[in-house]
Amino acid sequence: MQKVNMAEKFASFAEHFSPKIVGEVNDCHVKLVKAKGDFIWHHHDHEDEMFLVVSGSFTMKYRDASGSERAEQIAEGEFVIVPRGVEHCPVAAEEVHILLIEPKSTVNTGNIVGDRTVAELEHI
């Protein structure tokens, strides 16, 4: 058992959209990620994701099966759970710090493999 200082952990890296593992709970990773700009549209077939805003804010865009989009602002101190199968795209006008709780099997880009995919996560 060891406490984690999120401010120190966030200060230890600069890259955006590259989650870092800071803990494990049951079969889930606790991750920290910095985001700025638009990510990619994707979904996760088997995992739900929880995004908790530690500092800043971002917009989570959602797209349904018909292609209709909606968006909601997630502010500091708020969180959103994106259910498995829901297509989504995080967008941050300014840098935002987010804590993620998701199954260990979760890949950051879900069903999309590309240059933003982080296959091997770093433990910090």
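Everything discussed here concerns the structure shown above.
Analysis parameters
- Residues numbered from 1 in each chain as written.
- Predicted model: local features only at pLDDT ≥ 70, side-chain atom pairs only at ≥ 80, totals over all residues.
- Heavy atoms only, no water.
- Helix = DSSP H or I, 4+ residues; strand = E, 2+ residues; numbered from the N terminus.
- 1 Å grid on protein atoms, 1.4 Å probe; cavity = no way out; pocket = protein on both sides within 12 Å on 5 of 7 lines; lining within 4 Å.
- Points joined across faces, edges and corners; volume = space filled by probe spheres on them.
- Buried < 20%, exposed > 50% of the residue type's maximum accessible area, 1.4 Å probe, protein only.
- Core = buried A, V, L, I, M, F, W, Y, C linked by side-chain atoms within 4.5 Å.
- Contact = heavy atoms within 4.5 Å.

S.K.: I'd like a description of the environment of Phe17, backed by residues and values.
M.R.: Relative to the helices and strands, Phe17 resides in the loop between helix 1 (6-11) and strand 1 (20-25). Put simply, Phe17 and Thr109 are 92 residues apart on the chain and 9.7 Å apart in space, counted from C-alpha to C-alpha.

S.K.: Give me the lowdown on empty space enclosed by the protein, citing residues and values where you can.
M.R.: Scanning all chains against the criterion turns up 1 cavity of 30 Å³ or more. If you go around the largest cavity, you meet 15 residues; those closest to its centre are Phe17, Phe39, Phe51, Pro90 and Leu100. Looking at the lining of the largest cavity, the elements with two or more residues in it are strand 2 (28-38), strand 3 (49-55) and strand 7 (87-103). Examining the composition of the lining of the largest cavity, we find that 5 residues originate from one element, strand 7, more than from any other.

S.K.: Could you give an account of unusual backbone geometry, with specific residues and numbers?
M.R.: With phi around 60 degrees, Phe17 is a residue other than glycine that occupies positive phi space. Classification of Phe17 as buried rests on a relative accessible area of 10%. Positive phi, close to 50 degrees, is recorded for Asn26, a residue that is not glycine. Secondary-structure assignment places Asn26 in the loop between strand 1 and strand 2.

S.K.: How would you summarise the nonpolar core if you had to cite specific residues and measurements?
M.R.: The nonpolar side chains of soluble globular proteins are, as a tendency, buried together. Among the nonpolar cores identified, the biggest contains 16 residues, and Phe51, Phe58, Met60, Val96 and Ile98 are the most heavily contacted of them. Of all the secondary-structure elements, those providing two or more residues to this core are strand 2, strand 3, strand 4 (57-63), strand 6 (79-82) and strand 7. Of all the elements, strand 7 adds the most residues to this core, at 4 residues. When near neighbours in sequence (up to four residues on either side) are disregarded, Met60 contacts Phe51, Arg70, Ala71, Glu72, Ile74, Val80, Val82, His88, Cys89 and Pro90. The next biggest cluster of nonpolar side chains, apart from the first, holds 6 residues, and it includes Phe13, Val30, Leu32 and Leu99.

Interpretation in functional terms is not warranted from these geometric data alone.
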